[in-house]
Amino acid sequence: MPPTATKAKSKTKPKDKSAKSAARGTGPDSKVPATKGSAKTPAKGSARIWIGDCREKLAAIPEVRAGTVDLVFADPPFNWNRAYDRWDDKMPEDEYLTFTEDWIRMCADGLRPGGAMWINIPDDWAAEIVVYCKRVLKLEMVNWCIWHYRFGQNTTSRFINSKVHALYFIKPEAKPENVRTWNPDPILELSDRAAIYSDPRTETKRDGMPARHRVPMDVWYGQFWGRIQGNNKERRHYHDNQLPEVYLERVILACSNEGDTVLDPFTGSGTTAVVARDHNRNYVGTEFSEENAGFATERIKAGMVRTAGLRGTSTAIHKKRNLA
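Residues numbered from 1 in each chain as written. Predicted model: local features only at pLDDT ≥ 70, side-chain atom pairs only at ≥ 80, totals over all residues. Heavy atoms only, no water.

## Concerning the overall build of the protein chain
Keep this limit in mind: Strands here are runs of E lasting at least two residues and helices are runs of H or I lasting at least four, both read from the DSSP assignment and numbered beginning at the N terminus. Each residue is assigned to one of three classes by its accessible area relative to the maximum for its type, calculated with a 1.4 Å probe on protein chains only: buried under 20%, partly exposed between the two thresholds, exposed over 50%. Only heavy atoms matter for contacts: two residues are in contact if any of them lie within 4.5 Å across the pair. Here the open area of atoms and residues is found with the Shrake-Rupley method and a 1.4 Å probe, where only the protein chains shown may cover a residue.
Looking only at helices and strands, the protein chain has 9 helices and 13 strands in total. Considering the protein chain as a whole, with its 324 residues, one finds that 51% of them fall into the buried category. Restricting to contacts in the protein chain with at least 6 residues of sequence separation, those with at least 24 account for 74%. Of the accessible surface of the protein chain, which amounts to about 15400 Å², a share of 52% is contributed by carbon and sulfur atoms.

## Side note on the packing of aromatic side chains
Put simply, the rule reads: Working definition: rings of Phe, Tyr and Trp (its six-membered ring) pair if their centres are within 6.5 Å, and the pair is stacked with planes under 30 degrees apart, edge-to-face with planes over 60 apart, and tilted otherwise. By the criterion adopted, a ring carries a charge over it if an Arg CZ or a Lys NZ lies within 6 Å of its centre and within 35 degrees of its normal.
The tally for this structure, following the rule as stated, stands at 10 aromatic pairs. Between Trp220 and Tyr247, the aromatic rings sit 5.6 Å apart at their centres with planes inclined by 90°, giving edge-to-face as the arrangement. Taken as a pair, Trp220 in strand S11 (residues 219-220) and Tyr247 in helix H7 (residues 245-255) lie far apart in primary sequence, 27 residues in all. Since its relative accessible area comes to 4%, Trp220 is described here as buried. By way of ring pairs, the aromatic residues Phe73, Trp118, Trp147, Tyr149, Tyr168, Trp220 and Tyr247 are connected into one cluster. Just above the ring of Trp220 sits the side chain of Arg250; from NZ or CZ to the centre is 5.0 Å.

## Describing the pattern of salt bridges
So the rule is basically this: By definition here, a salt bridge exists when the distance from a side-chain nitrogen of Lys or Arg to a carboxyl oxygen of Asp or Glu is within 4 Å.
Scanning the entire structure with this criterion turns up 9 salt bridges. The partner of Asp278 in a salt bridge is Lys44, with the nearest N and O atoms 3.3 Å apart. Here Asp278, found in helix H8 (residues 271-278), pairs with Lys44, found in the loop between strand S2 (30-32) and strand S3 (47-51); they are 234 residues apart in sequence, far enough to count as distant. In the salt-bridge network here, residues are joined through shared partners; they are Glu189, Arg214 and Arg250.

## A few points about helix H9 (residues 290-302)
To keep things clear, this is the line we draw: Helix span is expected to be 1.5 Å times the residue number reduced by one. In this description, one arc is meant: the one made by directions from the helix axis to the C-beta atoms.
Compared with the 18 Å implied by 1.5 Å per residue over 13 residues, the 19 Å span of H9 between its first and last C-alpha is a close match. By the burial criterion, the buried members of H9 are Asn292, Ala293, Ala296, Thr297, Arg299 and Ile300. Projected down its long axis, H9 carries its buried residues within an arc of 165°, all on one side. Exposed positions of H9 whose direction lies more than 90 degrees from the buried face are Lys301 and Ala302. Buried positions along H9 lie against S2, S3, H7, H8 and strand S13 (282-287). Looking one or two residues past H9, Gly303 carries a phi angle of roughly 95°, positive in sign.

## Regarding a negative patch on the surface
To keep it simple, the criterion reads: The patches reported here contain residues having more than 30% relative accessible area and no salt bridge. Joining distances are 9 Å for like charges and 5 Å for nonpolar side chains (Val, Leu, Ile, Met, Phe, Trp, Tyr). Under this rule, positive means Lys or Arg and negative means Asp or Glu; His and the chain ends count for nothing. We put the charge of a Lys on NZ, of an Arg on CZ, of an Asp on CG and of a Glu on CD.
A cluster of acidic residues, Glu93, Asp94, Asp124 and Glu128, forms a negative patch at the surface. Contributions of two or more residues to the negative patch are made by helix H4 (93-110) and helix H5 (123-136). On the secondary structure map, Glu128 appears in helix H5. On the basis of relative accessible area, Glu128 is assigned to the partly exposed category, the value being 33%.

## Describing the side chain of Asp70
Definition in use: Throughout this description, a polar contact denotes any pair of N or O atoms lying within 3.5 Å of each other; where both atoms belong to protein, one of them has to be capable of donating a hydrogen while the other can accept it, and for residues adjacent in sequence the pair is counted only when both atoms sit in side chains.
Assignment of secondary structure puts Asp70 in strand S4 (residues 69-74). Here Arg112 takes part through its side chain, which lies 2.8 Å from a polar atom of the side chain of Asp70. If we skip the residues at most four places from it in the chain, Asp70 touches Leu111, Arg112, Gly115, Ala116, Cys255, Asp260 and Thr261.

## Thoughts on unusual backbone geometry
Of note, Lys138 is a non-glycine position whose phi angle comes to about 60°, a positive value. Along the chain, Lys138 falls in the loop between H5 and strand S7 (140-148). Positive phi outside glycine occurs at Asn280, with the angle close to 60°. Mapping Asn280 onto the fold places it in the loop between H8 and S13. Residue classification places Asn280 among the buried positions, given a relative accessible area of 18%.

## Looking at the packing of H7 against H8
In plain terms, the rule: Axes here refer to lines fitted to C-alpha atoms; in helices the fit is confined to the stretch in contact. Angles between the N-to-C directions go from 0 to 180 degrees. Each angle is binned into one of four classes, with values under 35 degrees roughly parallel, values over 145 roughly antiparallel, values of 65 to 115 roughly perpendicular, and all other values oblique. In a left-handed crossing the near helix is turned counterclockwise from the far helix by less than a right angle, and in a right-handed crossing that turn is clockwise.
Here H7 crosses H8 at 50°, and the two axes come no closer than 9 Å. Of the possible angle classes, the one that applies to H7 and H8 is oblique. In this structure, the crossing between H7 and H8 has a hand that is right-handed. Residues Glu245, Leu248, Glu249 and Ile252 of H7 lie in contact with H8, whose contacting residues are Thr271, Thr272, Val274, Val275 and Ala276.

## Description of the side chain of His165
With respect to the secondary-structure elements, His165 resides in strand S8 (residues 163-170). Relative accessible area serves as the criterion here: at 8%, His165 is assigned to the buried category. Only 2.8 Å separates the side chain of His165 from the side chain of Trp144, close enough to count as a polar contact.

## A look at the environment of Ile317
In this structure, Ile317 sits in the segment after H9. Once the C-alpha coordinates of Ile317 and Asp192 are considered, the two residues, 125 residues apart in sequence, prove to be 8.8 Å apart.

Listed below in structure tokens is the structure:
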């Protein structure tokens, strides 16, 4: 959720609670059904969204209550004093950290043993979240990744921010059958040896990965990985802080299987939801803003914009070199 100058999605603490939201029942407020696949059309999962404060609504989600969620992805508020419509995005620090710990704890409780949690967060709060997840919740950290973009907020008094932290945890595996889901094959990319240098050694390597390919590194960048600007095909109106689809696609393909449950407590523009459903996962999420939930539902029905797939793409910084 990097800074921009226009209106952002509503996903922080409400300034005042909506009576309409408080009167809602426990069922989802928005549903997009699963679809069966065919020879020409792949199967799609379902999507359900509960409208309201995630701290109040997460307990209404059956999979959260049962502790059977396979993957959590969260892009929470950053507390950067953004101009949200109904939200206070400038909490006192202690209040913001309490809010953060509350939703993380509820999501962690909803995970199955071996389930994964990803948190997208800036420098401001990354250290506090890591300590809380490791020391208090006893989650195991798998990776501390970086999403790098080339369009940071300009400043002259310090180095310009050009990254957000992508923190990857798993809930400890209580039994042998509760294993961590890890699917590297659909997210493999061309190695720099293959993409830039045409190094023949990559054709015969024996490192457990196919020739010319590697598991992506822990700093993420490349084509379609930048911030979603106004002229981007993925851009949704009123959601200037969208994450790119390829980001969620990498997380969802690597850390869940078809038919799994994917949870996002801050649905926002619906990136997690649309990518999960299009890859035949079942999405559940919460969103405080009824308007945002409606926009997200439209996007889920429309489907992903980037449909070429990740496998075999290159994120090399340099162009292919002519070594002749």
